[in-house]
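So the chains spell out like this:
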Amino acid sequence: MKRKEFLQLGSSLAVGSLLNSFSGCNDPKSFIPTTNWAGNISFSTGDIVIPKTSDEVINLIKVAHNIKAQGTTHCFNRIADNKKQLMAMKSMNKVVELNKEQMTVTVEAGMRYGDLAPYLHENGLALHNLASLPHISIAGSIATATHGSGVNNGNLATAVRSIEMVDGTGKLIVLSRDKDEDAFNGAVVALGALGVVTKVTLDVQPAYDIKQFVYKALPNESLYSNFESIMGAAYSVSLFTDWQTDSVNEVWVKTRTDGANSFSTNDNFFGARPATRDMHPIAANDAVHCTTQMGIAGPWFERLPHFKMGFTPSSGVELQAEYFVPFEQGAEAMKTIAAMKNEIGPHLYISEIRAIAADDLWLSTAYKRKSIAIHFTWKQETEAVMALLPKIENALAPFSPRPHWGKLFTIHKDILASRYERMNDFKQLALRHDPEEKFVNDFLTETIF
Ligand SMILES: Cc1cc2nc3c(=O)[nH]c(=O)nc-3n(C[C@H](O)[C@H](O)[C@H](O)COP(=O)(O)OP(=O)(O)OC[C@H]3O[C@@H](n4cnc5c(N)ncnc54)[C@H](O)[C@@H]3O)c2cc1C
């Protein structure tokens, strides 16, 4: 941004490169970063603007040539990178309105789930689901179809009732599920390609409690022959495996105490045995960062994520990739990956397998397809992992895998397009909202346009 323009836009906007050297903060990941969360991507510019209001977003977009919104930068690829300019949404982080009649909450786009959740709970309300970590921004998460688990739970974007965004022409647009069905379905999971989202209205429901149980060593044979029953055994079920033995390392079962998808605890869960202490998904790691287990009931937002808000989630220094296949083919797809265990093993920390309900959002990884997501948390060995991904993608090809938009993948854009019925419609929608390609970055050029 030119100095003159910066001054014109007022003192509430700051250039992030100045903040990058700020050292008075204890959490190195809480200020404007020069890299993504995992540190495997260095952002291509230090020109970062930080709006505080929708009006500031409008002004910034009007003068920008090319700009990319950033949430909490937890993606593992260059989806949130840009060569020219970045717009950090971290200061737009407040609740705008709670509407108990409509059962909705409206928030600014940069708010994190971990900050919204306690507020909702204090008001006797809840969201339908959360991802494995609460640290991620709401707009950044819905843009990539971020998800938790549960055969009847859509991803986090399915809770969106309406969005407000500033498109590439600088126009403020509101799209709602009820009034603008088609355009809305194209605009929620939008990879930042249509505009900068400024506000999001989400469905809420009465608050509920959850008990979390962990089981160890689920025999693969039992899993494959009872796949549907196991994945649907409770409100949310996750499998953790390193693929190295004839059993799945851990099964995390999250059950609501209010009767919805209730689960009776058992000493024998399809051949797996109950853990006798809190576990980390990587069994060798300390579970101190993990949400409470052992069947102790607690609020939804302290049980649905695997990791607590105040701590580093997952392994920390890592890479991630994830592929979504049709639910009915989940067991077959898992067998395919298990057959690659010798190649995968040396580079993998852990895999997680989750279920996601089908939805109508055009670029959602679960679009019209109840899905099983096969996730990989890799050691940060970029070269080896990037060499392995095409092999995994080829092996999974019979299941038409859709990759997580925010994680690593190498699938060619033509193949990706063939796996999304509404891809052409999405491109048209993007052209309408962003005729000058202000939001197109290298990631979008390589994967969509
Ligand atoms: C430890 C860890 C665990 C994870 N667990 C899960 C999990 O359980 N489930 C899952 O599905 N994913 C998971 N992820 C991936 C993560 O949830 C997604 O990558 C998510 O998109 C990150 O949100 P963010 O706010 O950091 O987005 P960013 O990385 O900042 O941005 C992602 C995209 O959103 C766009 N964007 C951000 N804000 C806006 C805005 N206001 N307007 C328009 N576009 C915007 C960006 O331009 C970019 O295209 C995990 C990641 C990590 C690091």
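Residues numbered from 1 in each chain as written. Predicted model: local features only at pLDDT ≥ 70, side-chain atom pairs only at ≥ 80, totals over all residues. Heavy atoms only, no water.

1. Concerning the domain arrangement of the protein chain
Often, the extent of an interface is quoted as the loss of accessible area on bringing the components together.
Right, on to step 1. For the protein chain, the assigned domains are domain 1 (3-88), domain 2 (95-206 + 422-447) and domain 3 (209-403).
Right, on to step 2. Using C-alpha coordinates to define each centre, domain 2 is positioned 24 Å away from domain 3.
Right, on to step 3. The partner domain 3 presents 36 residues to the 43 residues of domain 2 that form the contact.
Right, on to step 4. Across the interface of domain 2 and domain 3, roughly 3,300 Å² is buried in total on both sides, 65% from carbon and sulfur atoms.
Right, on to step 5. Counting across the interface, domain 2 meets domain 3 through zero salt bridges.
Right, on to step 6. There are 15 residue pairs in polar contact (both at pLDDT 80 or more) connecting domain 2 and domain 3.
Right, on to step 7. The set of elements that each furnish at least two residues to the side of domain 2 that touches domain 3 consists of helix H4 (113-122), strand S6 (125-126), helix H6 (181-187) and helix H13 (423-433).
Right, on to step 8. Among the elements that make up the side of domain 2 that touches domain 3, the one with the highest residue count is H4 (six residues).
Right, on to step 9. Among the residues making up the side of domain 2 that touches domain 3, the classes are represented as 20 nonpolar, 18 polar and five charged. (Domains from an automatic or database assignment. Contact = heavy atoms within 4.5 Å. Buried area = accessible area lost by both parts, 1.4 Å probe. Salt bridge = Lys/Arg side-chain N within 4 Å of Asp/Glu carboxyl O. Polar contact = N/O pair within 3.5 Å; in protein donor to acceptor, adjacent residues only side chain to side chain. Helix = DSSP H or I, 4+ residues; strand = E, 2+ residues; numbered from the N terminus. Nonpolar A, V, L, I, M, F, W, Y, C, P; charged D, E, K, R; others polar.)

2. Comments concerning the site of the ligand
Right, on to step 1. For the ligand, the set of nearby residues contains 38 residues, the closest of which are Ala 69, Gly 71, His 74, Ser 137 and Thr 144.
Right, on to step 2. At 3.3 Å, a side-chain N or O of Thr 146 approaches an oxygen atom of the ligand.
Right, on to step 3. In the complex, 99% of the free accessible area of the ligand, which totals 970 Å², lies under the protein chains.
Right, on to step 4. Contributions of two or more residues to the shell around the ligand are made by strand S2 (68-70), helix H5 (138-143) and strand S9 (195-203). (Near = heavy atom within 4 Å. Areas by Shrake-Rupley, 256 points an atom, 1.4 Å probe, with all protein chains shown as cover.)

3. Looking at the sheet that holds strand S7 (residues 160-167)
Right, on to step 1. Strands sit in the order S4-S5-S9-S7-S8 across an open sheet of five strands; the sheet is antiparallel. At either margin of the open sheet sits one strand with a lone partner, and together these are strand S4 (95-99) and strand S8 (172-176). Each strand axis lies, on average, 15° off the axis of its neighbour in the sheet, ignoring direction.
Right, on to step 2. Note that S4 and strand S5 (residues 104-108) share four bridges and pair antiparallel. Counted as the bridge partner of Glu 97 is Thr 106 from S5.
Right, on to step 3. Across the sheet, helix H3 (residues 54-63) lies against S7, S8 and S9, angled at about 40° from S7, the strand it touches most. (Pairing = 2+ DSSP bridges. Axes fitted to C-alpha atoms, helices over the stretch in contact; angles between N-to-C directions.)

4. Observations regarding the pattern of salt bridges
Right, on to step 1. A full pass over the atoms with the stated rule returns 16 salt bridges.
Right, on to step 2. Salt-bridge contacts for Glu 108 lead to Lys 94; the nearest nitrogen and oxygen are separated by 3.6 Å. Linking Glu 108 in strand S5 with Lys 94 in the loop between strand S3 (86-88) and S4, this pair joins segments that are 14 residues apart in sequence.
Right, on to step 3. Salt bridges sharing partners connect three or more residues here, namely Glu 322, Glu 352, Arg 354 and Lys 407.

5. A closer look at the sheet that holds S3
Right, on to step 1. The sheet built from three strands is open, its strands ordered S1-S3-S2 with parallel pairing. Looking at strand neighbours, the two that pair on one side only are strand S1 (48-49) and S2, the edges of this open sheet.
Right, on to step 2. Alignment of S1 against S3, held across two bridges, turns out to be parallel. Following the sheet pairing, Ile 48 is matched in S3 by Leu 86.

6. Remarks on the pairing of S5
Right, on to step 1. The buried fraction of S5 amounts to five of the five residues, a majority that puts the element mostly inside the structure.
Right, on to step 2. Where S4 folds back on S5, the antiparallel hairpin that results is connected by four residues, among which Met 103 adopts a positive phi of roughly 55°.
Right, on to step 3. Bridge analysis of S5 against S9 gives five bridges, and the strand direction is antiparallel. Bridging across to S9, Glu 108 finds its partner in Lys 199. (Buried < 20%, exposed > 50% of the residue type's maximum accessible area, 1.4 Å probe, protein only.)

7. Brief notes about the side chain of Thr 146
Right, on to step 1. In this fold, Thr 146 is placed in the loop between H5 and S7.
Right, on to step 2. Classification of Thr 146 by relative accessible area gives buried; the value is 11%.
Right, on to step 3. Beyond its immediate sequence surroundings of up to four residues, Thr 146 is in contact with Ala 131, Ile 136, Ser 141, Asn 155, Leu 156, Ala 157 and His 404.

8. A word on the nonpolar core
Right, on to step 1. Residues Leu 239, Trp 378 and Trp 405 are the most contacted members of the largest nonpolar core, which totals 127 residues.
Right, on to step 2. Sequence-distant contacts of Trp 378, that is, excluding residues within four places in its chain, are made with Glu 318, Leu 319, Gln 320, Ala 321, Ile 344, His 347, Leu 348, Tyr 349, Val 385, Leu 388, Leu 389 and Ile 392. (Core = buried A, V, L, I, M, F, W, Y, C linked by side-chain atoms within 4.5 Å.)

9. Describing unusual backbone geometry
Right, on to step 1. Positioned with a positive phi, Ala 145 is a non-glycine residue whose angle comes to about 65°.
Right, on to step 2. Mapped onto the elements, Ala 145 comes out in the loop between H5 and S7.
Right, on to step 3. For Met 294, which is not glycine, the phi dihedral falls at a positive 60°.
Right, on to step 4. Residue classification places Met 294 among the partly exposed residues on the basis of a relative accessible area of 41%.

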